[in-house]
Amino acid sequence: QVQLVESGGGLVQAGGSLRLSCVVSGSIFSLNAVGWYRQAPGKQREWVASIITGRSANYADSVKGRFTISRDNAENTVSLQMNSLKPEDTAVYYCAASTKVQNYWGQGTQVTVSS
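Residues numbered from 1 in each chain as written. Predicted model: local features only at pLDDT ≥ 70, side-chain atom pairs only at ≥ 80, totals over all residues. Heavy atoms only, no water.

K.L.:
Residues and numbers for the pattern of salt bridges, please.
P.N.:
By the definition in use, this model includes four salt bridges. For Arg66, the salt bridge is made with Asp89, and the minimal N-O distance between the two is 2.8 Å. Of the two residues, Arg66 is situated in the loop between β6 (57-59) and β7 (67-72) and Asp89 in the loop between β8 (77-82) and β9 (91-98); the sequence distance between them amounts to 23 residues. Residues Arg66 and Asp89 agree in their burial class; the two are buried. (Salt bridge = Lys/Arg side-chain N within 4 Å of Asp/Glu carboxyl O. Helix = DSSP H or I, 4+ residues; strand = E, 2+ residues; numbered from the N terminus. Buried < 20%, exposed > 50% of the residue type's maximum accessible area, 1.4 Å probe, protein only.)

In C-alpha cells:
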C-alpha cells in the first residue's frame, strides 16, 4: 500500500507561483512512477507532469516551461513548482503514484489563480 498526502495549494494572482508537495509513505520501493494530475470544474482529470523511475520528467504542453516536478527520495516527497500561473491553471491538483499493478491517488489540493 502507498499513501499520498498533498499540501501547498491556495489562492494566487495570475503570474504568481505556488509549490505543491506530496508526502509518499508505504511501499515506496515498488513505485514505477510519480506525478501530478489536475481536474478543473466540469472537466476531466488531466495529466500534468510525471517522473518515471530512472528517467527524466515529462510535462503536458500546457505547463511545459512553467511547471517543474521533482522527487526527493531521501524525504519521500514529490513536488510541483508552478510559476507564471494562469487562471486556466485553476483546478484541484492530485498527486499520483503507480506500481506495476496499481495506481494510487492523494486527496487533492485546490489551486485557484485569479485574473
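K.L.:
Can you tell me about unusual backbone geometry, naming the residues and giving the values?
P.N.:
The phi dihedral of Asn76 falls on the positive side, at around 55 degrees, and the residue is not glycine. Along the chain, Asn76 turns up in the loop between β7 and β8. For Asn76, a relative accessible area of 27% puts it in the partly exposed group.

K.L.:
Help me get a handle on the nonpolar core, residues and values and all.
P.N.:
Within the largest apolar cluster, 30 residues are counted, with the highest numbers of intra-cluster contacts made by Trp36, Leu80, Met82 and Tyr93. Elements with a minimum of two residues in this core: β1 (2-7), β3 (18-26), β4 (33-39), β5 (46-52), β7, β8, β9 and β11 (109-114). (Core = buried A, V, L, I, M, F, W, Y, C linked by side-chain atoms within 4.5 Å.)

K.L.:
Account for the sheet that holds β3, with residues named and values stated.
P.N.:
Consider a sheet: its strands pair through backbone hydrogen bonds, and that pairing is either parallel or antiparallel. Within the open sheet, the four strands sit side by side as β1-β3-β8-β7. Their pairing is antiparallel. Looking along the sheet, the strands with just one partner apiece sit at the ends: β1 and β7. Strand after strand, the sheet turns through a mean of 15 degrees between neighbouring axes, direction not considered. Where β7 meets β8, six bridges bridge the pair, whose relative direction is antiparallel. (Pairing = 2+ DSSP bridges. Axes fitted to C-alpha atoms, helices over the stretch in contact; angles between N-to-C directions.)

K.L.:
Any details on the state of the cysteines? Residues and values, ideally.
P.N.:
This structure, assessed with the given rule, holds one disulfide. The disulfide partner of Cys22 is Cys95, and the gap between their sulfur atoms is 2.1 Å. What sets the handedness of the Cys22 and Cys95 disulfide is the S-S torsion sign, and at about -85 degrees it is left-handed. One end of the pair, Cys22, is in strand β3; the other, Cys95, is in strand β9, with 73 residues separating them in the sequence. (Disulfide = S-S within 2.5 Å.)

K.L.:
Any details on the environment of Leu18? Residues and values, ideally.
P.N.:
Position of Leu18 relative to the elements: it lies in strand β3. Classification of Leu18 by relative accessible area gives buried; the value is 15%. Put simply, Leu18 and Cys95 are 77 residues apart on the chain and 15 Å apart in space, counted from C-alpha to C-alpha. Not counting residues up to four positions away in its chain, the partners in contact with Leu18 are Gly8, Gly10, Val12, Leu80, Gln81, Met82, Leu85 and Val111. (Contact = heavy atoms within 4.5 Å.)

K.L.:
Describe the side chain of Arg66, listing the residues and the values that go with them.
P.N.:
Exposure remark for Arg66: the relative accessible area of 10% places this residue in the buried category. Looking at Arg66, its side chain comes within polar contact range of the main-chain oxygen of Ser84, at 2.9 Å. With residues up to four places along the chain from it excluded, the contact list for Arg66 reads Gln81, Met82, Asn83, Ser84, Leu85, Lys86 and Asp89. (Polar contact = N/O pair within 3.5 Å; in protein donor to acceptor, adjacent residues only side chain to side chain.)

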